[in-house]
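Here is how the chains run, residue by residue.
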Amino acid sequence: MKKRIRLGIHSRRRSRGIALPIVLLMSSMLLVTAAAWLEAALVSARTTTNLGKRVQAFHSADSALIRCARIALDSLPELKSITGPLAAEPDKWRLKASFEGASASAVTPFPSWPYAIRPPQCLIEVWPVRANDQPGTFLITARGFGRMADNESWLEQEIEMGENGIVRHWRRIVAKPFQQGSP
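Here, residues in each chain are numbered from 1, in the same order as that chain's written sequence. For a predicted model such as this one, the threshold for reporting local features is a pLDDT of at least 70, and the threshold for listing and counting side-chain atom pairs is 80 or more; totals across whole chains, interfaces and linings nevertheless cover every residue. Hydrogens and waters are ignored; side-chain quantities use all the structure's heavy atoms.

*Asks:* What's the story with the nonpolar core in this structure? I'm lost.
*Replies:* Within soluble globular proteins, side chains that are nonpolar generally end up buried alongside one another. What is meant by a nonpolar core is a set of buried Ala, Val, Leu, Ile, Met, Phe, Trp, Tyr and Cys residues, joined one to another through side-chain atoms within 4.5 Å. Three labels apply to residues, based on accessible area from a 1.4 Å probe with only protein chains included: buried if under 20% of the type maximum, exposed if over 50%, partly exposed otherwise in between. Formed by 14 residues in total, the largest nonpolar core has its most connected members in Leu65, Phe138, Ile140, Ala142, Ile159 and Met161. Sorting the residues of this core by element identifies α2 (19-74), β2 (135-145) and β3 (152-162) as the ones contributing at least two each. Apart from residues lying up to four places away in sequence, isoleucine 140 is in contact with Leu65, Cys68, Ala69, Ala72, Leu123, Ile124, Leu155, Glu156, Gln157 and Ile159. The next biggest cluster of nonpolar side chains, apart from the first, holds nine residues, and it includes Trp93, Ala106, Trp127 and Leu139. Only runs of H or I of at least four residues qualify as helices and only runs of E of at least two qualify as strands under DSSP, and these elements are numbered from the N terminus. Contacts are assigned to residue pairs that have any heavy atoms within 4.5 Å of one another.

Laid out in structure tokens, this is it:
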């Protein structure tokens, strides 16, 4: 019997210092897990904020696009059917001077836009038929802004007047057509 008691006491002496490293290991694992969760939450919050800013700029540009499409269609005296190929695509929308500066030809369809740094803009360009310079299509480019200067969204719509009525083609411009430093 004494041997059994001695073995129990002897084995406890060997395992006395093992509890502290196990507790420290478990604590460090929980700390690393908590830090990873915090980092994931911060990344998610930043992503949500950036997405909100992009959506705000997108809706600004989309509203300007809709308003300017109405302006373009209302400016036609009558709907004429076009025949023949279109001339080269208008490219004034690629120039910074079309949207900024004293000679800017872009329209601001809304006097102000809530929660944005600037109201949206749009540029209406006529895309004539090659044969007789008759307006065959409108190319409308809209530029919307978010709360910050770097939050911009660009949208375009091509409005074609044909024998079957009006056909609209929509596209999103992924990058700015001009850089800040370009003329």
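*Asks:* For this particular structure, what's the right way to read the confidence of the model for the protein?
*Replies:* The predicted coordinates of low-pLDDT regions are not to be read in fine detail. A residue-level look at the protein finds 77% of positions with pLDDT of 70 or above and a mean pLDDT of 82. Confidence per residue, as judged by the predictor, is encoded in pLDDT with a range of 0 to 100. Element-level mean pLDDT values for the protein span from 58 in helix α1 (residues 2-15) up to 93 in α2.

*Asks:* Can you help me understand the state of the cysteines in this one?
*Replies:* Should the sulfur atoms of two cysteines be covalently bonded, the bond is a disulfide. What counts as a disulfide here is a pair of cysteine sulfur atoms lying within 2.5 Å. Tallying each qualifying case throughout the model produces one disulfide. One disulfide bridge connects cysteine 68 with cysteine 122, the sulfur atoms lying 1.6 Å from each other. Classification of the bridge connecting cysteine 68 and cysteine 122 rests on its S-S torsion, roughly -45 degrees, and on that basis the disulfide is left-handed. Separated by 54 residues along the polypeptide, cysteine 68 in helix α2 and cysteine 122 in strand β1 (residues 121-128) bring together distant segments of the chain. We classify cysteine 68 as buried; its relative accessible area is 0%. The buried category is assigned to cysteine 122, whose relative accessible area is 0%.

*Asks:* What is the right way to read the pattern of salt bridges from this model?
*Replies:* Take a side-chain nitrogen of Lys or Arg and a carboxyl oxygen of Asp or Glu: if they are within 4 Å of each other, that pair is a salt bridge. Under the criterion given, the structure shown has six salt bridges. Glutamate 100 is the salt-bridge partner of arginine 118, the closest N and O atoms lying 3.8 Å from each other. Within this pair, whereas arginine 118 is found in the loop between α2 and β1, its partner glutamate 100 is found in the loop between α2 and β1, the two being separated by 18 residues in sequence. Counted as one network, the salt bridges with shared partners bring together Lys96, Glu100, Arg118, Arg143, Glu152 and Lys176.

*Asks:* What am I meant to see in unusual backbone geometry here?
*Replies:* Among all residues save glycine, negative phi is the norm, and among peptide bonds the norm is trans. Residues other than glycine seldom take positive phi values, yet tyrosine 115 does so here, at roughly 65 degrees. Counting through the fold element by element, tyrosine 115 comes out in the loop between α2 and β1.

*Asks:* Honestly, the side chain of glutamine 56 in this entry has me stumped. Any pointers?
*Replies:* Among the structural elements, glutamine 56 can be located in helix α2. Those residues within four positions of glutamine 56 in sequence are excluded, and the remaining contacts are Pro114, Tyr115, Ala116, Phe145, Gly146 and Arg147.

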